[in-house]
Each structure stands twice: as C-alpha cells, then as structure tokens.
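Next come the chains, spelled out residue by residue.
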Amino acid sequence: MDSGTIMLRVIRGEDRGKAWELDPRQIYLLGRSRRCNLRLADGAASASHARVECKHGIWFVTDVQSTHGTHVNRQRILDAKPLFDRDLIQVGRTLLEFREHEQLAPADLGEIGRGVHLPE
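Residues numbered from 1 in each chain as written. Predicted model: local features only at pLDDT ≥ 70, side-chain atom pairs only at ≥ 80, totals over all residues. Heavy atoms only, no water.

### Things to note about the nonpolar core
Among the nonpolar cores identified, the biggest contains 22 residues, and Leu8, Trp20, Leu22, Trp59, Val61, Ile89 and Leu96 are the most heavily contacted of them. Broken down by secondary-structure element, the contributors of at least two residues to this core are β1 (5-12), β2 (19-22), β3 (28-31), β5 (50-55), β6 (58-63), β10 (88-91) and β11 (94-101). With near-sequence residues (within four places) excluded, Ile89 lies in contact with Leu8, Val61, Thr70, His71, Val72, Leu83, Thr94, Leu95 and Leu96. (Core = buried A, V, L, I, M, F, W, Y, C linked by side-chain atoms within 4.5 Å. Buried < 20%, exposed > 50% of the residue type's maximum accessible area, 1.4 Å probe, protein only. Helix = DSSP H or I, 4+ residues; strand = E, 2+ residues; numbered from the N terminus. Contact = heavy atoms within 4.5 Å.)

### Let's talk about the sheet that holds β11
Spatially, 6 strands are ordered β2-β1-β11-β10-β7-β8 in an open sheet, and the strand pairing comes out antiparallel. Edge positions in the sheet fall to β2 and β8 (75-76), since each has one partner strand and no second. Pairing between β1 and β2: 4 bridges, direction antiparallel. Of the residues in β2, the one forming a bridge with Leu8 is Trp20. (Pairing = 2+ DSSP bridges.)

### Here we look at the packing of aromatic side chains
In total, this model carries 1 aromatic pair according to the counting rule given. Each ring, one from Trp59 and one from Phe98, has its centre 6.4 Å from the other, and the planes form 55°; the classification is tilted. Of this pair, Trp59 sits in strand β6 while Phe98 sits in strand β11, and the two are 39 residues apart along the sequence. Each member of the pair, Trp59 together with Phe98, is buried. The ring of Phe60 has Lys55 sitting right over it, with the charged end atom 6.0 Å from the ring centre. (Phe/Tyr/Trp six-rings, centres within 6.5 Å; stacked < 30°, edge-to-face > 60°. Lys NZ or Arg CZ within 6 Å of the ring centre and 35° of its normal.)

Note that all results are geometric; they support no functional claim without further evidence.
And the structure:
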C-alpha cells in the first residue's frame, strides 16, 4: 500500500474549510504570524501558537508558549502530544481536525470489495 495522506483541516473558525496536506519531512508552525507556514486569521491565536511535526512516523503537536494554550480533544497539552486520526486541535477560537488517510491501490480496493482480509 502507498503511504497515507496527512491533512489538517479547519472545521471551526474564521478559516473554516481551509486545509493543508502535511509532509512528514517538514516542521509546521501554526499561528497568526507571517513566519507561520500554517497561518490563521484568528485574533485569539498567538502569533506563533503551536508546532506540528512528524518524528519516527508519529505526528505530534506542541504548544510553543502561546497565550491561551493549545488543546487536543478538549484537553490542554503541556508537552508534545501524539496525534491520531480525527483528533481535534484547538488554537485560539480555531478548531482543526487531524486526518490520516490510508491510500489504497486499486487492486486492494477490489480485494476489500470481495471481503478478502489484507495484511497490515
């Protein structure tokens, strides 16, 4: 199987509908500043609010000393927090959804349609 597509999508806030595909080789800074590669129009977000990065195949979000903190699934994070499919990240008034999609080859889709179990 191909590697999955990783997306971060704004589901609530001024940037609702905006989405970014994430590259595991890049470190992302989330906030209002022009320095941020994931820039938000949220006045309640800090200029540099949170960092999103992949380490050893696992995605993490870390608060970078923001004013109001970063929350994952309604819990304020104090350290780097691993992310899982459909986790919700709150930055200011903005709510983002982390999505991890497996991309299946067309042949795999046919096997699934016939009820064949594919090895992980």
